[in-house]
Amino acid sequence: MRISDALRVRDIIANNPNVKVNNVSPIVADDMALYPYISYKRVGAEFDAWKRANGVAKVTMELAVWSDDYDESLRVAEQVMDVLSGEQGIYIQNCLEGYENGAFYQDITITVE
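Notes on the structure follow. (Residues numbered from 1 in each chain as written. Predicted model: local features only at pLDDT ≥ 70, side-chain atom pairs only at ≥ 80, totals over all residues. Heavy atoms only, no water.)

1. Notes on the overall build of the chain
Looking only at helices and strands, one finds 2 helices and 5 strands in the chain. Ordered by position from N to C terminus, the α and β elements of the chain give α-β-β-β-α-β-β. Taking 13 Å as the expected radius of gyration for a compact globule of 113 residues, we find that the chain reaches 14 Å, a close match to that expectation. Judged by the C-alpha coordinates and their principal axes, the chain covers about 45 × 25 × 20 Å. Taken over 113 residues, the chain has a buried fraction of 40%. Summarising the internal contacts of the chain: among those between residues at least 6 apart in sequence, 53% fall at separations of at least 24. When the accessible surface of the chain is totalled, it reaches about 6,700 Å², and 47% of it is carbon and sulfur. Once the 10 positive and 18 negative side-chain charges of the chain are each reduced to a mean point, those two points are 10 Å apart. (Helix = DSSP H or I, 4+ residues; strand = E, 2+ residues; numbered from the N terminus. Rg over C-alpha atoms; globule rule 2.2 N^0.38 Å. Buried < 20%, exposed > 50% of the residue type's maximum accessible area, 1.4 Å probe, protein only. Contact = heavy atoms within 4.5 Å. Areas by Shrake-Rupley, 256 points an atom, 1.4 Å probe, with all protein chains shown as cover. Lys, Arg positive; Asp, Glu negative; His and termini not counted. Charge placed at Lys NZ, Arg CZ, Asp CG, Glu CD.)

Here you go:
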């Protein structure tokens, strides 16, 4: 487990034809990004030097699905959760929603072990 496993999660989402998005970006999307898109960020890392050679036991990430259409944000979030729930070592922890700057978002929290 490494903190760069966020790239693995990004690739799983971006390369899956069942997830219908225009872009998957770290932290924030480009100002010109078209909806729907996903931004992701690492929000935590638990270290355990006794269990892992590099000390990282688990990484927590937030994946935000953005759209100008509420129903679309839900559909894409469900696509993401369906894809990730089939991956070994990736666990969905929570899903919240909100509205910001004229767009709806579904914020999915996962842990990667």
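Let us keep going from here.
2. Let's talk about the side chain of T111
Secondary-structure assignment places T111 in strand β5 (residues 103-112). Here T111 falls in the buried class, since its relative accessible area comes to 7%. Here Q93 takes part through its side chain, which lies 3.1 Å from a polar atom of the side chain of T111. (Polar contact = N/O pair within 3.5 Å; in protein donor to acceptor, adjacent residues only side chain to side chain.)

3. Brief notes about the pairing of strand β2 (residues 37-47)
With 3 bridges joining them, strand β1 (residues 24-26) and β2 adopt parallel strand pairing. What sits directly across from P26, in β2, is Y40. Sheet topology note: the β2/strand β3 (residues 56-67) ladder contains 10 bridges and is antiparallel. Following the sheet pairing, G44 is matched in β3 by T60. (Pairing = 2+ DSSP bridges.)

4. Re the sheet that holds β1
Across the sheet, which stays open at both edges, the 5 strands sit in the order β1-β2-β3-β5-β4 with mixed pairing between neighbours. Since the sheet does not close on itself, it has two edges, and those belong to β1 and β4 (90-100), each with one partner. Sheet twist, expressed as the mean angle between neighbouring strand axes with direction ignored, is 25°. In the packing of helix α2 (residues 70-85) onto the sheet, contacts are made with β2, β3, β4 and β5, and the angle to β5 comes to roughly 15°. (Axes fitted to C-alpha atoms, helices over the stretch in contact; angles between N-to-C directions.)

5. A word on unusual backbone geometry
Glycine aside, negative phi is the norm for most residues, and most peptide bonds take the trans geometry. Cis geometry is found at the peptide bond from Y35 to P36, where omega equals -10°. One non-glycine residue, I27, lies in the positive phi region at around 65°. Judged by its relative accessible area of 57%, I27 falls in the exposed class.

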